[in-house]
Amino acid sequence: MDVEPHDDTSPFVSQPAVHTNDEDTQQHYSYAAHAAEDRDEQPSEHKVPGLDVAEGDGAGALAAPPRAIAPSVPRKSPPRIIAFINPKSGGKKGDKVSRRLKEILGHENVFTLIPDGPAPGLAAALRHVERDGRDLVIVVCGGDGTVSWVQGELGKTAWPPTVEVSIAVLPLGTGNDLSRSLHWGAKYSKKLVDRLIPRIMAAKAVMMDRWRIRFWKLEDGGGARSADVPESEIPSLGMCNNYFSLGLDARGAYHFHVHRERKPNLFSSPFVNNIWYGLHGARSMPTTGYRIAKHFTVEVDGEPIHVPRRVRALLVLNTPSYMAGTNPWEKALFTPRKMWHGYGSGNGPVSLSDGKFEVIGFRSILHNLGMKVGVRSGVRLAQGSRLRLVQQTEKPFYYQNDGEPWLMDGPVEIEVSHGGVARMLDGGVK
């Protein structure tokens, strides 16, 4: 994917040109002392600039903010930068990353998410920005689920209206699909940490779509709604950045997650984690009981969508990276014509800021493996901004939201609708 060249209107280009030699880089790191200035707090009106959530009850209200933003007056001071680290992500490099970031950002700006979560760090950052009025960049060190976790807490915090809050990603997870989509990198490296400040200062802000996922339990036989499933029972509080899926791929993710929780010592690095992920995916290969069309009806933007009989997994995709760097919407080497043209509406490219998602079908784990190596594409079903799924059977189904899996009994009704946008930083590296 081509990345637009950075220009002087970038919201974080407020310093002279950044050089990458050690002396100049250390000058950028010294901003941490400026971040620790202690001034009297001033009362101010508040909003949540980092997360622009659509108004309404989640039944489809569509926020329409600009998709890229650039303030007309550059900031006089560099942004305050804080970091949240998930020590359980990926290869458990949290301690090493924490030590290095404390050297770069200062101890007071680096927070570990376990056991207290993001709230204490956000509260401390709020006190600082209320005093000095500087913008805030939150560096999330973890996987896709960690980013959603921090965003969920960020949406509960009221920020001064003149302060812009942005999120950058340092990839510590297994797949790191959001980091790939925002061009921060596919995996952790020491070089990535050492060049973090210059890259943030040159980064371009983009407004990323987020999607609200709601579940309702249905009466026996798939009748009327009987209960609203609380957001607390859905990973990431029912908000999706990357993808939401159900069926065989979610089944593999579920068994991987359970195994990692029970025996964390076996998951020592992203490379080892991907091997385990593949093994648990292979467990799903002989499964034949997850034909989507047998259990679900599918509607996109109010139009019924035909799901081929052999499809055993359904993916709702927001970003151009899934399954550690795969784009199943793109045409691959050996893609049957019918699969490429799809069964529903929409043939545009995948974009994380176009107000649409892509609905894609997978036939088997072997189909997924073909996509992984670039010789197969997914079954294009539709593009749209509202998805409705109704399961009329009682069969338990596996689901995952941004890589966080769970199991739920049917019958259920599911709705995916636009949930607002989040201000993210594009790292600018392919």
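Residues numbered from 1 in each chain as written. Predicted model: local features only at pLDDT ≥ 70, side-chain atom pairs only at ≥ 80, totals over all residues. Heavy atoms only, no water.

(A) Main features of the packing of aromatic side chains. In this structure the tally under the stated criterion is 14 aromatic pairs. An angle of 10 degrees between the planes, with centres 6.2 Å apart, marks the rings of Phe 244 and Tyr 399 as stacked. Of this pair, Phe 244 sits in strand E9 (residues 243-247) while Tyr 399 is found in strand E16 (residues 397-401), placing the two residues 155 residues apart along the sequence. By relative accessible area, which is 1% here, Phe 244 ends up buried. Here Tyr 399 falls in the buried class, since its relative accessible area comes to 0%. A ring pair is formed by Phe 296 and Phe 397, whose centres lie 5.0 Å apart and whose planes are at 90 degrees; its orientation type is edge-to-face. One end of the pair, Phe 296, is in strand E10 (residues 296-300); the other, Phe 397, is in strand E16, with 101 residues separating them in the sequence. Taking relative accessible area as the criterion, Phe 296 reaches 5% and is therefore assigned buried. With a relative accessible area of 0%, Phe 397 lands in the buried category. (Phe/Tyr/Trp six-rings, centres within 6.5 Å; stacked < 30°, edge-to-face > 60°. Helix = DSSP H or I, 4+ residues; strand = E, 2+ residues; numbered from the N terminus. Buried < 20%, exposed > 50% of the residue type's maximum accessible area, 1.4 Å probe, protein only.)

(B) Expanded view of the sheet that holds strand E12 (residues 313-317). What the 6 strands build is an open sheet, ordered E14-E13-E12-E9-E16-E17; its pairing is antiparallel. The outermost strands of the open sheet, each flanked by one partner alone, are strand E14 (379-384) and strand E17 (404-408). For this sheet, the mean inter-axis angle between neighbouring strands, taken without regard to orientation, is 15 degrees. Of the pairings in the sheet, the one linking E12 to strand E13 (residues 357-362) comprises 5 bridges and is antiparallel in character. Opposite Ala 313, over in E13, you have Phe 362 as the bridge partner. Against the sheet, helix H9 (residues 248-262) contacts E9, E12, E13, E16 and E17, and its axis sits at roughly 95 degrees relative to E9. (Pairing = 2+ DSSP bridges. Axes fitted to C-alpha atoms, helices over the stretch in contact; angles between N-to-C directions. Contact = heavy atoms within 4.5 Å.)

(C) Spotlight on the side chain of Ser 321. On the secondary structure map, Ser 321 appears in the loop between E12 and helix H12 (337-341). Within the local environment of Ser 321, its side chain forms a polar contact with the side chain of Asp 177, the two groups lying 2.6 Å apart. In contact with Ser 321, other than residues within four places in its own chain, are Asp 177, Arg 180, Ser 181 and Thr 326. (Polar contact = N/O pair within 3.5 Å; in protein donor to acceptor, adjacent residues only side chain to side chain.)

(D) Representation of the environment of Val 359 in the model. For Val 359, the location among the structural elements is in strand E13. In this structure the C-alpha to C-alpha distance between Val 359 and Asn 318, which are 41 residues apart in sequence, comes to 9.3 Å. Apart from residues lying up to four places away in sequence, Val 359 is in contact with Val 300, Leu 314, Leu 315, Trp 329, Val 379, Arg 380, Leu 381 and Ala 382.

(E) Structural context of H9. Helix length check: H9, at 15 residues, gives a terminal C-alpha distance of 22 Å against a target of 21 Å (1.5 Å per residue), a fit within 8%. Within the span of H9, buried status applies to Leu 248, Asp 249, Ala 250, Arg 251, Gly 252, Ala 253, His 255, Phe 256 and His 259. (Expected span 1.5 Å × (residues − 1).)

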